[in-house]
2 protein chains.
Amino acid sequence: MKIVIIGSGNVATHIALTLYKKKADIIQIYSPHLANAELLASKINASCTDAVREINKDADIYLFAIKDDAIETIAKALQPDKNAILAHTAGSVPMDVFREYAQNFGVVYPLQTFSKSSGIDFGEVPVFIEANNNKTEEKITLLAQMLSGKIHYKSSKQRMQLHLAAVFACNFTNYMYTIASDIAENANEPFDILKPLITETAKKTATTSPYNAQTGPALRMDTTTIEKHLRLLSTTNNIQQLYKLLSEGIYQRHK
Amino acid sequence: MKIVIIGSGNVATHIALTLYKKKADIIQIYSPHLANAELLASKINASCTDAVREINKDADIYLFAIKDDAIETIAKALQPDKNAILAHTAGSVPMDVFREYAQNFGVVYPLQTFSKSSGIDFGEVPVFIEANNNKTEEKITLLAQMLSGKIHYKSSKQRMQLHLAAVFACNFTNYMYTIASDIAENANEPFDILKPLITETAKKTATTSPYNAQTGPALRMDTTTIEKHLRLLSTTNNIQQLYKLLSEGIYQRHK
């Protein structure tokens, strides 16, 4: 199974390195950013290109790990062999993005946050797959099994719900950390001092539902503390408004 | 050093159990909820009461781990010996809450989220202390050292900033988990599927600043995905509004 990886960002890099370890045959990396493509290709003994017309025509699977908006553009330009499979790795892009441009297509969506700098145990990452026919599903399953031991078959609709949940569980959570870090920094306190709290808050989810784990002034509608906190927050950005909306949300969810 | 603990909730319980392990002399638990007071007192061989007038007059330290609003009420009713110390464990209550009711007073604030059901390594919890005179500071330091190896001296102002940061790092973060869990549940997906993502997002803070760790549609101002997500969210509660505000906040912070 010859694989071309379309993309050289965080997701493309983690997928490529994991597949390479599993002896998968990645023949080429395509990226509009040639330096990134070269760097990744050099790590996995593959060729690379930044020109869509130079993408290898012999691959069995083209795995798209690029910006959502670029998937269709490149799929359209690609004109793959009729037996080839186009698959993407995006949470909120329907499988049907490929329908006009290929006969076999699907999705391999890993539910995780990837940074180039940090290692991930990909074997533990839930991977959601989807395909437009049985033969394609079999092949995508083989590919996904090289990545992870936790494969789930999900429709585009289900996948989008999971992606939405992930935005709260990861992206918005990380933004809470950013605001906490900004507040600490403004008070000349190191962010480090908050890390045991961050670790414990995440750790609790292993044993307690987040609903039952909720603590804090908003849960108690402790308006005295809430008012004190609002006075400390700047009104020049939307953090004060955010504090209010979050507190109200917690109160409403629990009352 | 004879200690009376005022309170029987999460914080009171963790403090009492930790001090008991360190052979501290806790003579009494006071709580308006007698059953809770009895349960905790039985675990540490202390007496207990639910009547303020029955609080032991011989203690060296009265440690308040109760609702913020109740601290002053009980301090006022307590009329302690003039050598006794009143100390509380609250993030956003100034030390001066005790000024009218005692000669020696201070604060022992542990920056952590406590649940009765989950064990904490208290030795790693940052504890912020403050006192109104040197002798009291010495005694409060001795008490705090029994709890944790990470003691910091902070003013009431600094402590309140840290508490505010903690609300984002813990309470609001946990609310993000709750919303993610609600979305998953509505889509008939188990919350478990999100746990590797939650763990990794928290883990990243050990090596990467949250600013640099940010990922997701809002960072890229991927309006196509954002619009899809907004359509999935109910307008009957404030979650859709929250999604917008968080996305806008991330974009503004990073642009």
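Conventions adopted
Residues numbered from 1 in each chain as written. Chains lettered and ligands numbered in written order. Predicted model: local features only at pLDDT ≥ 70, side-chain atom pairs only at ≥ 80, totals over all residues. Heavy atoms only, no water. Least-squares fit on C-alpha atoms with pLDDT ≥ 70 in both. Contact = heavy atoms within 4.5 Å. Buried area = accessible area lost by both parts, 1.4 Å probe. Salt bridge = Lys/Arg side-chain N within 4 Å of Asp/Glu carboxyl O. Polar contact = N/O pair within 3.5 Å; in protein donor to acceptor, adjacent residues only side chain to side chain. Helix = DSSP H or I, 4+ residues; strand = E, 2+ residues; numbered from the N terminus. 1 Å grid on protein atoms, 1.4 Å probe; cavity = no way out; pocket = protein on both sides within 12 Å on 5 of 7 lines; lining within 4 Å. Points joined across faces, edges and corners; volume = space filled by probe spheres on them. Nonpolar A, V, L, I, M, F, W, Y, C, P; charged D, E, K, R; others polar. Patch = residues over 30% accessible without salt bridge, like charges linked within 9 Å, V, L, I, M, F, W, Y side chains within 5 Å. Areas by Shrake-Rupley, 256 points an atom, 1.4 Å probe, with all protein chains shown as cover. Lys, Arg positive; Asp, Glu negative; His and termini not counted. Charge placed at Lys NZ, Arg CZ, Asp CG, Glu CD. Buried < 20%, exposed > 50% of the residue type's maximum accessible area, 1.4 Å probe, protein only. Core = buried A, V, L, I, M, F, W, Y, C linked by side-chain atoms within 4.5 Å. Phe/Tyr/Trp six-rings, centres within 6.5 Å; stacked < 30°, edge-to-face > 60°. Pairing = 2+ DSSP bridges. Axes fitted to C-alpha atoms, helices over the stretch in contact; angles between N-to-C directions.

Enquirer: Honestly, the relation of the copies chain A and chain B in this entry has me stumped. Any pointers?
Expert: Between the two chain copies there is a screw-like relation: a rotation about an axis and a shift along it. The operation relating chain A to chain B is a screw motion whose rotation component is 180°, with 0.0 Å of axial translation and a residual RMSD of 0.0 Å. What the superposition gives is, in effect, a two-fold axis relating one chain to the other. No C-alpha of chain A lies nearer the rotation axis than that of Thr 173 of chain A, which sits 2.6 Å from it. By residue overlap, the copies meet face to face through one surface: 100% of the interface positions of chain A are interface positions in chain B.

Enquirer: Can you walk me through the interface of chain A and chain B in this structure?
Expert: Interface extent is often summarised as the accessible area lost during association of the parts. With 87 residues of chain A at the contact, the number on the chain B side is 87 residues. For the pairing of chain A and chain B, the buried interface totals around 8,200 Å² over both sides, and the portion due to carbon and sulfur atoms is 66%. Of all residues in chain A, the largest losses of buried area upon contact with chain B belong to Phe 168, Leu 197 and Leu 245 of chain A, amounting jointly to 8% of the total for that side. Remark: the boundary between chain A and chain B carries four salt bridges. A salt bridge links Arg 253 of chain B to Asp 182 of chain A; its shortest N-O distance comes to 2.7 Å. Counting across the chain A and chain B interface gives 37 residue pairs in polar contact (both at pLDDT 80 or more). Of all elements in the fold, only α3 (68–78), α5 (156–186), α6 (195–204), α7 (210–213), α8 (223–232) and α9 (239–254) of chain A reach the threshold of two or more residues within the side of chain A that touches chain B. Ranked by residue count, the leading element in the side of chain A that touches chain B is α5 of chain A, at 26 residues.

Enquirer: I tried to follow empty space enclosed by the protein on my own but got confused; where do I start?
Expert: To find leftover empty space, a probe the size of one water molecule is rolled over the atoms. The final tally for this structure, using the stated rule, is one cavity of 30 Å³ or more. Considering only enclosed or pocket space, the largest cavity measures out at about 40 Å³ in volume. In terms of lining residues, the largest cavity is bounded by Thr 201, Lys 204, Ala 213, Gln 214 and Thr 215 of chain A together with Thr 113, Cys 170, Asn 171 and Asn 174 of chain B. Listing elements by their share of the lining of the largest cavity, those giving two or more residues are α6 of chain A together with α5 (156–186) of chain B. Grouping the constituent residues of the lining of the largest cavity by class yields two nonpolar, six polar and one charged.

Enquirer: So what exactly am I meant to see when it comes to a negative patch on the surface here?
Expert: Residue and element names in this part refer to chain A. A cluster of acidic side chains, namely Asp 25, Asp 58, Asp 60 and Asp 81, defines a negative patch on the protein surface. Along the chain, the position of Asp 25 falls in strand β2 (residues 25–30). Judged by its relative accessible area of 38%, Asp 25 is partly exposed.

Enquirer: Even after reading the chapter, I still don't get the nonpolar core, so can you show me in this structure?
Expert: Nonpolar side chains tend to gather and get buried jointly when the protein is soluble and globular. Counting 118 residues, the largest nonpolar core has Phe 64 and Phe 168 of chain A together with Phe 64 and Phe 168 of chain B as the members making the most contacts within it. Phe 168 of chain B has contacts with Met 176, Ile 179, Ala 180, Ile 183, Ile 239, Tyr 243 and Leu 246 of chain A together with Thr 173 of chain B, leaving out every residue within four places of it along the chain.

Enquirer: What exactly am I supposed to notice about the packing of aromatic side chains here?
Expert: Centre-to-centre distance and the angle between the planes together describe a pair of aromatic rings. One pass over the full model with this rule turns up 12 aromatic pairs over all chains. Ring centres of Phe 172 of chain A and Tyr 243 of chain B lie 5.1 Å apart, and the angle between their planes is 75°; on these two criteria the pair is classed as edge-to-face. One end of the pair, Phe 172 of chain A, is in helix α5; the other, Tyr 243 of chain B, is in helix α9 (residues 239–254), on a second chain. Three or more aromatic residues joined by ring pairs form one cluster here, namely Phe 168 and Phe 172 of chain A together with Tyr 243 of chain B.

Enquirer: Can you help me understand the pattern of salt bridges in this one?
Expert: Oppositely charged side chains can form a pair if their charged atoms are brought close together. All names here are of chain A. The tally for this structure, following the rule as stated, stands at 18 salt bridges over all chains. Arg 159 is paired through a salt bridge with Glu 130; the nearest N and O atoms lie 2.7 Å apart. Of this pair, Arg 159 sits in helix α5 while Glu 130 sits in strand β7 (residues 127–131); the two residues are 29 residues apart in sequence, bridging distant segments of the chain. With respect to burial, Arg 159 and Glu 130 carry one shared label: buried.

Enquirer: Just to check I follow, could you spell out the sheet that holds strand β7 (residues 127–131) of chain B for this structure?
Expert: Sheets are built from strands paired through backbone hydrogen bonds, the pairs being either parallel or antiparallel. Residue and element names in this part refer to chain B. The sheet built from eight strands is open, its strands ordered β3-β2-β1-β4-β5-β6-β7-β8 with mixed pairing. Single-partner strands in this sheet number two, and they are β3 (47–49) and β8 (151–153). Taking the axes of each pair of neighbouring strands and ignoring which way they run, one obtains an average angle of 25° across the sheet. Examined bridge by bridge, strand β4 (residues 61–64) and strand β5 (residues 85–88) share four bridges and lie parallel to one another. In the strand pairing of β5, Ile 61 is matched with Ile 85. Running over the sheet, helix α1 (residues 10–21) touches β1 (2–6), β2 (25–30), β4 and β6 (104–110) and is turned about 160° from β1.

Enquirer: Would you mind showing me how to read the sheet that holds strand β4 (residues 61–64) of chain A here?
Expert: All names here are of chain A. The mixed open sheet is built from eight strands, whose spatial order is β3-β2-β1-β4-β5-β6-β7-β8. Each having just a single partner strand, β3 (47–49) and β8 (151–153) make up the two edges of the open sheet. Going across the sheet, the axis of each strand differs from the next one's by a mean of 25°, ignoring polarity. Here helix α2 (residues 34–43) sits on the sheet in contact with β2 and β3, set at roughly 170° to β3. With respect to the sheet, α5 is in contact with β5 (85–88), β6 (104–110) and β7, its orientation differing from that of β6 by roughly 25°.

Enquirer: Please clarify how the side chain of Thr 113 of chain B should be interpreted in this entry.
Expert: Mapped onto the elements of the fold, Thr 113 of chain B is located in the loop between β6 and β7. Looking at Thr 113 of chain B, its side chain comes within polar contact range of the side chain of Lys 204 of chain A, at 2.9 Å. Among the polar contacts listed, one links the side chain of Thr 113 of chain B to the side chain of Thr 215 of chain A, at a separation of 3.4 Å. Thr 113 of chain B has contacts with Leu 197, Glu 200, Thr 201, Lys 204 and Thr 215 of chain A together with Ile 120 and Cys 170 of chain B, leaving out every residue within four places of it along the chain.

Enquirer: Just to check I follow, could you spell out the layout of surface pockets for this structure?
Expert: A volume near 1,100 Å³ is recorded for the largest pocket. In this structure, the largest pocket is lined by 45 residues; those nearest its centre are Asn 10, Val 11 and Ile 66 of chain A together with Thr 215 and Arg 220 of chain B. Listed by contribution, the elements that provide at least two residues to the lining of the largest pocket are α1 (10–21), α3, β6 and α5 of chain A together with α7 (210–213) of chain B. Looking at the lining of the largest pocket element by element, the count peaks at five residues for α5 of chain A. Classifying every residue of the lining of the largest pocket by side-chain character gives 19 nonpolar, 22 polar and four charged. What the second largest pocket holds in volume is close to 930 Å³. Surrounding the second largest pocket, 37 residues form its lining, Arg 220 of chain A together with Asn 10, Val 11, Ile 66 and Lys 67 of chain B being those nearest its centre. Only α1, α3 (68–78), β6 and α5 of chain B provide two or more residues apiece to the lining of the second largest pocket. In terms of residue class, the lining of the second largest pocket is built from 18 nonpolar, 16 polar and three charged.

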